[in-house]
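A look at the structure
Each chain, written out:
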Amino acid sequence: PTYTSHFLLKAHLSNTTSCHLSCTCRTIKTILFTIMAPNSTLTDDKPICVSDSFHFASFWTDSSANLAGMDRGLPLGDNDSISGDGVAINSRNGAGRLSRNPSLGSDADSLAPMNEQPVLKPFTVANPDRVKLKFYSNVLGDNSTFIHYGKWDGLDTDQPGAYGRASEAMTDYMYKLSMGLLPHRAESNDFNYVDLGSGTGASAIHLAAKHSLTISSATCINVCHEQNVDAIERATERNVSEKINVVDASFDETPCPSNHYDLAFSQDAYIHAVSKEKAFAEAYRVTKPGGAFVFCDLVCGNDPDLTVQELAQFAERNRINDWLNPNQIVKTCSEVGWADVTFVDLSTDLRISFQLMLKKVTFVLEHGDTGTSSSRVLLMNYRDSICRRITQIERGVFKWGVFHARKPVCMDMAVKPPVPFVKTNHLIIDTNEEDETKQAESEKNVVVIDILKKMNKEAIDALPNTVELLITMSAGLDHVDLDACKARGIAVKNSGRDALTSHVVQYCLSFIIIGLRDALNQLSVPFPSSGWNLNWNCEGKPLTSSTIAIIGLGLISKSLVEEIRKIAPDARIIYNTRTRDVDFESKHKMEYFSDVKELACQCDVLVPMCALNKQTEHIISKDVIAQLQPHAGFINMARGKVVDTDALTEALETKAIKYAILDTTYPEPLPSTHALWSLDNCFIFPHYATNTMAVREALVNEIEPIIADHYGLGHSDERRKAEEKALRYDLAVAHRLTAQYGMDMLVWNHISARHRTGCLITPGRKMWGKITPDDLVYS
């Protein structure tokens, strides 16, 4: 076959025939050689020997075999069998014994009958994974469903169950690494990831139980149906079945939707991939933009002393397809689209894993009950194979470690920016800068617009399904259909908000002061011919004794209130808004009015600062304007349509109000024949509040940080900066306690400092200068 999960070879074996089976097919994930019982037919499915040459050379079974107490401690049932990872079955009722022929070499698989005539009563092979777990439980003594290689930091190999805890620690290490790549998702409650090649699902079940508040869903992709059934059972036992979704599929061709998962995760599975490129491309397809890819695996060594022939021979003997070294895997990942691909070499931990296996097997051989000679031969071959593996690790024939990468985000600049956009984050792809071929292939995730780009429902619905973020280079959002964006799940954000806010606030505050002082009406007024005197022209009013009415209490309005309070702490500030903010109101001594007309009748100047929507259109109506006192002024920093232009024109013409300062109008631009242009108490500005080069630069320069923060792309993540600042403070506290109690630098990092949120736990084995914020955890 060109592709299959497991390949089974069967041979008819007589009592006097030895058999040597071999296969050079490079498209097979794992080879299982199955020898049939003598006198059985080829249709019988009752093997008595299985071989998987990567873990150890050969397996033999018979009825009297007692592999480290497997018969007694974990009796095998009808569902017990053999796995491709190298676990022997135990035939319950037979008495035959088979021995290995050493003349065929260490990696050859052959069988020869012993002097005793076997009486074989083999049983049906059904579930390969159960025997593997029983083998690890009995020989390694772990009683764990974790069968992956482990991370040994801080673990005592002599403690019972150490191998299982190390495997579990490796899963935790990879999850922590993933959260470090995705800091913006670390505290979420809807984290969604896929485990590609999940095996028994032990990793997913462990993480779903341990991080139940964060992980909402874990999809387990695995080709072995028996393992998947086992995973479902274990998920139910751990009460996480609602979070675990087990799917019978291959990791290189999944039924998963595109751009769906925060994280693509895999442990020790890609060694079986027919094509690494295809497998990595599939992980890329199912991962969200900005998502992470974290996997560990055995890889080809790249030691310069190794020959190509030696590496190829290793791959051939172990039936490994697409055997790549770390540099080649990094290159392959990059070619399918992954960015920031990094390899963390953990071969030292792999060596410890094999050393513990060797120690355990040696102990069983020397002190344990191995049962019959066939079981002893099995363990002896296992021991010899482990010794070879340790030597190969030391020589660099193969390595083991973690690869991690990020999926880039594709941005489409739909309008011409006011200043050139300079991209510094390589995880952001500007489709306008790519060549035509790449641009056609790019999936747009972010669209950037300005205030002139009208995004109504039709325009929103026409966006590609991959768009998740819409950035507008403007202060307002009235040109965007927010309901349509919400229905599509598209987030909408403004760039340059700080610069826009400060400019509008300074601009508006200056007009408030100038309007109150009646300064604009003094333009071109000649100096008195009789000379300046105290009785001349004193109609103005100071800010400190004025009443300022504000409609809306958003970011700009709040900033305006704060600026007013800095220079006029005794000024009266009254406001109306859809959602009252009692805390801010109390802090800044403001008064709330639920009725806009009542608000208008008490103010010296009325300033709408609300967004334009259906509720605020013509909020400054004819009735509201009628409530303004003759000395009151009107300043519009919001959209022109918040005021009834005809009613305002009439009030200014009849001198019902003193003045109006308009930075915006409706319609805009105002027709040259409009009556407002001819009124001496109306001052119109060309929507000029933010017209500075500083704002233009901020509108463009903040696009990249917004994308980086939304997708957690690293250096622009403000949340992570704040967390790091807090952790560094806590780190300093721990250091000061060290000095206070006279502890040396090797002791300080084992102490805890009590905080309001708990205890700060600092890591051991590191000096002060080597500690980073990522090393710290809260308990």
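Placed above this text is the structure.
What this report covers is the structure whose coordinates are included nearby. (Residues numbered from 1 in each chain as written. Predicted model: local features only at pLDDT ≥ 70, side-chain atom pairs only at ≥ 80, totals over all residues. Heavy atoms only, no water.)

1. Some details on the overall build of the protein chain
Test applied: The helix and strand labels rest on DSSP assignments: H or I over at least four residues marks a helix, E over at least two residues marks a strand, and numbering proceeds from the N terminus. By the convention used here, residues are in contact when the closest approach between their heavy atoms is within 4.5 Å.
Per the secondary structure count, the protein chain includes 22 helices and 28 strands. Nonlocal contacts in the protein chain, meaning residues at least 24 apart in sequence, comprise 70% of its contacts between residues at least 6 apart.

2. Things to note about the pairing of strand β11 (residues 287-300)
Operational definition: Note on classification: 1.4 Å probe, protein chains only; a residue is buried when its accessible area is under 20% of the maximum for its type, exposed when over 50%, partly exposed between these limits. DSSP calls a pair of strands paired once it identifies at least 2 bridges connecting them. Whether a crossover is right-handed depends on one test, that the path from the first strand over the helix to the second runs clockwise when the strands point away from the viewer.
When you tally the buried positions in β11, you get 13 out of 14 residues, the bulk of the element. Both strand β10 (residues 261-267) and β11 contribute to a ladder of six bridges, which runs parallel. Paired with F265 across the two strands is V294, which belongs to β11. What joins β10 to β11 is helix α6 (residues 276-286), and the crossover it makes is right-handed.

3. A look at the packing of aromatic side chains
The condition is simple: Side-chain rings of Phe, Tyr and Trp (the six-membered ring for Trp) are treated as a pair once their centres are within 6.5 Å; stacked means planes under 30 degrees apart, edge-to-face means over 60, and tilted covers the remaining angles.
Counting across every chain of the model gives 21 aromatic pairs. Each ring, one from Y175 and one from F191, has its centre 6.4 Å from the other, and the planes form 85°; the classification is edge-to-face. One end of the pair, Y175, is in helix α3 (residues 162-181); the other, F191, is in strand β7 (residues 191-196), and 16 residues separate them in sequence. Taken as a pair, Y175 and F191 share a single burial class, namely buried. With 4.8 Å between their ring centres and 35° between their planes, F293 and F295 make a pair best called tilted. With respect to class, F293 is no different from F295; both count as buried. Members of the aromatic cluster, connected to one another through ring pairs, are F251, Y270, F280, Y284, F293, F295, W338, F343 and F403.

4. Quick look at the pattern of salt bridges
Where we set the bar: The working definition used for a salt bridge is a side-chain nitrogen of Lys or Arg within 4 Å of a carboxyl oxygen of Asp or Glu.
Scanning all chains against the criterion turns up 25 salt bridges. R234 is the salt-bridge partner of D230, the closest N and O atoms lying 2.2 Å from each other. Note that D230 and R234 are positioned in helix α5 (residues 225-237) at a spacing of four residues, about one turn of the helix. The residues D230 and R234 share a single accessibility class, namely buried. Two residues, K288 and D262, come together in a salt bridge whose shortest N-O distance is 3.4 Å. Taken together, the residues span a long stretch of sequence, with K288 in strand β11 and D262 in strand β10 at a distance of 26 residues. Overall, the relative accessible area of 5% leaves D262 in the buried class. Ionic contacts of the salt-bridge type, sharing partners, join the residues R185, D190, D262 and K288 into one network.

5. With respect to the side chain of N222
The cut-off we apply is this: Under the rule applied, a polar contact is a pair of N or O atoms within 3.5 Å (in protein, one hydrogen donor and one hydrogen acceptor; residues adjacent in sequence only if both atoms are side-chain atoms).
Relative to the helices and strands, N222 is located in strand β8 (residues 215-222). Note on N222: relative accessible area 7%, which makes it buried. A polar contact of 3.2 Å, which involves the side chain of N222, links it to the backbone nitrogen of G199.

6. Here we look at helix α4 (residues 202-210)
In terms of residue burial, α4 counts as a mostly covered element, since seven of its nine residues are buried. Of the positions making up α4, those classed as buried are A202, S203, A204, I205, H206, L207 and A208. Buried-residue contacts for α4 involve α3, β7, β8, α5, β9 (244-248) and β10.

7. Here we look at the sheet that holds strand β15 (residues 428-430)
Worth spelling out the cut-off: Only the contacting stretch of a helix is used when fitting its axis, a line to C-alpha atoms as for every element, and angles between N-to-C directions run 0 to 180 degrees.
What the five strands build is an open sheet, ordered β15-β14-β16-β17-β18; its pairing is parallel. Of all the strands in the sheet, just β15 and β18 (491-494) have a single pairing partner and so form its edges. For this sheet, the mean inter-axis angle between neighbouring strands, taken without regard to orientation, is 25°.

8. Structural notes on helix α19 (residues 645-653)
In an α-helix there are 3.6 residues to a turn, and that puts residues three or four apart on one side. Listed as buried for α19 are T645, A647, L648, T649, A651 and L652. Contacts made by the buried residues of α19 are with α18 (622-627), β23 (633-636), β24 (659-662) and β25 (682-684). A side-chain oxygen of the first residue of α19 lies 3.2 Å from the backbone nitrogen of D646; this N-cap is D644. Immediately downstream of α19, the backbone of K655 shows phi near 60°, a positive value.

9. Some words on the nonpolar core
Rule in force here: By nonpolar core we mean a set of buried residues, namely Ala, Val, Leu, Ile, Met, Phe, Trp, Tyr and Cys, connected to one another through side-chain atoms within 4.5 Å.
Counting 59 residues, the largest nonpolar core has Y193, I244 and W323 as the members making the most contacts within it. Looking at which element gives the most residues to this core, the answer is α3, with nine residues. Leaving out residues up to four positions away in the same chain, I244 has contacts with A204, I205, A208, A218, C220 and A235.

10. Observations regarding the environment of A186
For A186, the location among the structural elements is in the loop between α3 and β7. Along the chain, A186 and K176 lie ten residues apart, while their C-alpha atoms are 9.3 Å from each other. Beyond its immediate sequence surroundings of up to four residues, A186 is in contact with M179 and T214.

11. Some remarks on the sheet that holds strand β13 (residues 398-406)
The strands that make up a sheet pair up through hydrogen bonds in the backbone, lying either parallel or antiparallel. Judged by pairing direction, the sheet is mixed, and its seven strands sit side by side in the order β9-β8-β7-β10-β11-β13-β12 without closing on themselves. Edge positions in the open sheet fall to β9 and β12 (339-345), since each of these has one partner strand only. Between one strand and the next, the sheet's axes are offset by a mean angle of 15°, whatever the strand orientation. Contacting β7, β8, β9 and β10, α4 crosses the sheet at an angle of about 165° to β7.

12. Some words on the environment of W152
Residue placement: W152 occurs in the loop between α2 (128-140) and α3. Taking the C-alpha atoms as reference points, W152 and Y163, eleven residues apart in sequence, are found 8.8 Å from one another. Beyond its immediate stretch of four places on either side in the chain, W152 contacts T157, A162, Y163, A166, D349, I352, S353 and L356.

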